[in-house]
Structures are given as C-alpha cells and as structure tokens.
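Listed below, chain by chain, are the residues.
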Amino acid sequence: MAAKIQSATTIARPVEDVFQFLLDLDQHPTDPGVESVVKSPDGPTGPGTTLRFTHAKSRQTTMRFTAIEPSRRIGFEGNVGPLRPVGDFNCTPKDGQTRLTVHVAPNPARPLKLLSPLVSRVGQRVWDQRLARIKAALEARTP
C-alpha cells in the first residue's frame, strides 16, 4: 500500500487569506533553513508555477502547483531528495476560520520504498510542524 500523510489545523483567518498565503509561499517560506525561493514563471501563481527552494548547505527542493481551485484546493508535486511527493492543500471555511488540510503521498524512490512506513512517520511529523508554522505565521499577521 502506498504511504499517505494527512495533517490538518484550524487557522483563525478567512479562507481567502489562507489560500493566498499558500499561493505566495515564495514571499514567506515557512520552513526553517530556507535561504531563498525562486518562482517561475513570474506573475500570478497558477498550475505549472514552480518554486525552487534553496536550503542550508545548498540543498535544493522544488514544488510545482498542479491544480488550483480558488479558495478551495491547491494540488502540488515536488522533488525533495529521494521523494517525489504528490498532494493537495484543502481550505474549508469554519465559523469565520479556515480548516487547512494537507494530503501527501511521499512517493519514495525505489531504494526507499521498503522504508515507506518510516518515511510516512517522518513525513507526518514534518507536515504537522509545517502546518503549525503556517498557522502561526497567518495568525501573527494583522488583518
């Protein structure tokens, strides 16, 4: 069975704010150790937009948006070392707040396929922490 990760949080901000934040990750990366982000092509984020993250020690990862349903869903795929994650962010309005849920299939390269349960456990922690940072960043902004 393919490894799956699901993480969720409720953010005290409207759906439109949360959705736009996710589209603008090049302007405010939330992962520690990110030194720079390059977005291509320039302009509004849409399907096919790619973000190239440079991390400490010149390690690079990419995220490409694959689908965008305004204020609702963002599909993405990535290249993170030996992983080729595919997933989506889902934004659901809830009492003036936003329920943000992410689903990810890490898709480890062949040598790591046998370690899929471990990859999923580590990935679950990474995504739980990432959503907590997104929540904190959004809730710290003045409306």
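Residues numbered from 1 in each chain as written. Predicted model: local features only at pLDDT ≥ 70, side-chain atom pairs only at ≥ 80, totals over all residues. Heavy atoms only, no water.

**Overview of the nonpolar core**
Point 1. Core analysis: the largest hydrophobic core is formed by 26 residues, its most contacted members being L22, F89, L100 and I134.
Point 2. Tallying contributions element by element places helix α1 (residues 15–23) first for this core, with six residues.
Point 3. Discounting residues that sit within four places of it in the chain, I134 has contacts with I11, F21, L22, T30 and L100. (Core = buried A, V, L, I, M, F, W, Y, C linked by side-chain atoms within 4.5 Å. Buried < 20%, exposed > 50% of the residue type's maximum accessible area, 1.4 Å probe, protein only. Helix = DSSP H or I, 4+ residues; strand = E, 2+ residues; numbered from the N terminus. Contact = heavy atoms within 4.5 Å.)

**Comments concerning the layout of surface pockets**
Point 1. Space inside the largest pocket adds up to approximately 760 Å³.
Point 2. For the largest pocket, the lining is made up of 32 residues, of which D31, V80, V126, W127 and R130 are closest to its centre.
Point 3. Looking at the lining of the largest pocket, the elements that each hand over two or more residues are β3 (50–55), β4 (60–69), β5 (73–79) and α2 (116–140).
Point 4. Element by element, the count of residues in the lining of the largest pocket is highest for α2, at nine residues.
Point 5. For the lining of the largest pocket, the residue count by class is 20 nonpolar, seven polar and five charged. (1 Å grid on protein atoms, 1.4 Å probe; cavity = no way out; pocket = protein on both sides within 12 Å on 5 of 7 lines; lining within 4 Å. Points joined across faces, edges and corners; volume = space filled by probe spheres on them. Nonpolar A, V, L, I, M, F, W, Y, C, P; charged D, E, K, R; others polar.)

**Some words on unusual backbone geometry**
Point 1. Look at the link from S40 to P41: it is a cis peptide, with omega at -5°.
Point 2. Non-glycine residue S58 carries a positive phi angle of around 65°.
Point 3. Positive phi outside glycine occurs at N107, with the angle close to 50°.
Point 4. Position of N107 relative to the elements: it lies in the loop between β7 (97–105) and α2.
Point 5. Overall, the relative accessible area of 31% leaves N107 in the partly exposed class.

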